Each structure stands twice: as structure tokens, then as C-alpha cells.
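# Architecture at a glance
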Amino acid sequence: MVAEFGAQCDALETLQPRAGFAALLSEAGLTDIVCDTLTWDHQTTPEEWWSGPAAGVATIGQIVTSKDPVVIADIKDHFEWLCGEFTDPGGVLVLPHAALTANGQA
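We now turn to the structure provided with this report. (Residues numbered from 1 in each chain as written. Predicted model: local features only at pLDDT ≥ 70, side-chain atom pairs only at ≥ 80, totals over all residues. Heavy atoms only, no water.)

Let us look at unusual backbone geometry. Here D32, not a glycine, exhibits a phi torsion of approximately 50°, which is positive. Tracing the chain through its elements places D32 in strand β1 (residues 31-44). A residue is classified by how much of its surface remains accessible, and D32, at 61% relative accessible area, is exposed. We note that A58 has phi near 65°; this positive angle belongs to a residue other than glycine. Within the secondary structure layout, A58 lies in helix α4 (residues 58-65). (Helix = DSSP H or I, 4+ residues; strand = E, 2+ residues; numbered from the N terminus. Buried < 20%, exposed > 50% of the residue type's maximum accessible area, 1.4 Å probe, protein only.)

Let us look at the side chain of T44. By the element assignment, T44 lies in strand β1. You can call T44 buried: its relative accessible area is 7%. Of the polar contacts made by the side chain of T44, one reaches the side chain of E48; its length is 2.7 Å. Residues contacting T44, with those up to four places away along its chain left out, are W49, V92, L93 and L95. (Polar contact = N/O pair within 3.5 Å; in protein donor to acceptor, adjacent residues only side chain to side chain. Contact = heavy atoms within 4.5 Å.)

Quick look at the packing of helix α3 (residues 46-54) against α4 now. α4 packs onto α3 with a crossing angle of 70° between their chain directions and a minimal axis gap of 7 Å. Classed by the angle they form, the pair α3 and α4 counts as roughly perpendicular. In contact with W50, P53 and A54 of α3, α4 contributes I60, G61, V64 and T65. Of the residues belonging to the contact of α3 with α4, the class tally is five nonpolar, two polar and no charged. (Axes fitted to C-alpha atoms, helices over the stretch in contact; angles between N-to-C directions. Parallel < 35°, antiparallel > 145°, perpendicular 65-115°, else oblique. Nonpolar A, V, L, I, M, F, W, Y, C, P; charged D, E, K, R; others polar.)

Turning our attention to helix α5 (residues 69-84). End to end, α5 covers 23 Å across 16 residues, agreeing with the expected 22 Å (1.5 Å per residue, within 8%). Capping the start of α5 is the job of one residue whose side-chain oxygen sits 3.0 Å from the backbone nitrogen of V70: D68. (Expected span 1.5 Å × (residues − 1).)

Viewed as axis vectors pointing N to C, α3 and α5 meet at an angle of 145°, and their least axial separation amounts to 11 Å. Crossing angle aside, the handedness with which α3 passes α5 is right-handed. Here P46, W49 and W50 of α3 come into contact with α5, specifically with I72, I75, K76, F79 and C83. Taken together, the residues of the contact of α3 with α5 break down into seven nonpolar, no polar and one charged. (Left-handed = near helix turned anticlockwise from the far one by under 90°.)

This is the structure:
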């Protein structure tokens, strides 16, 4: 999965997001702009990740908790199915992330 995410990041770079971000900052008046892509894996467990929505946290949690128990169980089943792709053999949920960072001179 991590290799696939890396390939997705490479594909995104063909869209020039760093150049676009730098252009946005340049249009805002910054100079000497440096833009980089950071990638990392957020590690948690499926149980911990599910605990937020199950407790009504954020919009997704409000949606989940507004449903009847049968629908909540169905949502959780789908959640667990989706987690399967990102869960390592030790049960750790490994969620790949990427973010653009930039700095420049005003």
C-alpha cells in the first residue's frame, strides 16, 4: 500500500502541485519560495480510529451516531473492510499522508 501511495504522490507531482502552490505564494507577494512535499505514515489501530466516529466526534461521528444500530453495524463493517488494506500484520493501521510545505520572503 505504501508503494502505491508513493506512486500516487508521483502522479500528483505531474500535476505540478508544488509549482502551483509556489505560484500562489508568489502572487501573494512572496519571493525566494521553496516548496516541498512531506510524506509520512500515521499509525494507529482500527479500534482507536473507529472510536471517534462511534462517539459522535466531528461530522462523520454525528452522521454515524444519528443512525439506528443496524446501520451503525453496517457502517462499522465497511470501515473494517476498508481498514484491511491499510492494516499491517501486527494489527497497526498505517495511513499514508502527504502535505505541501512552503516558505518565502515577504
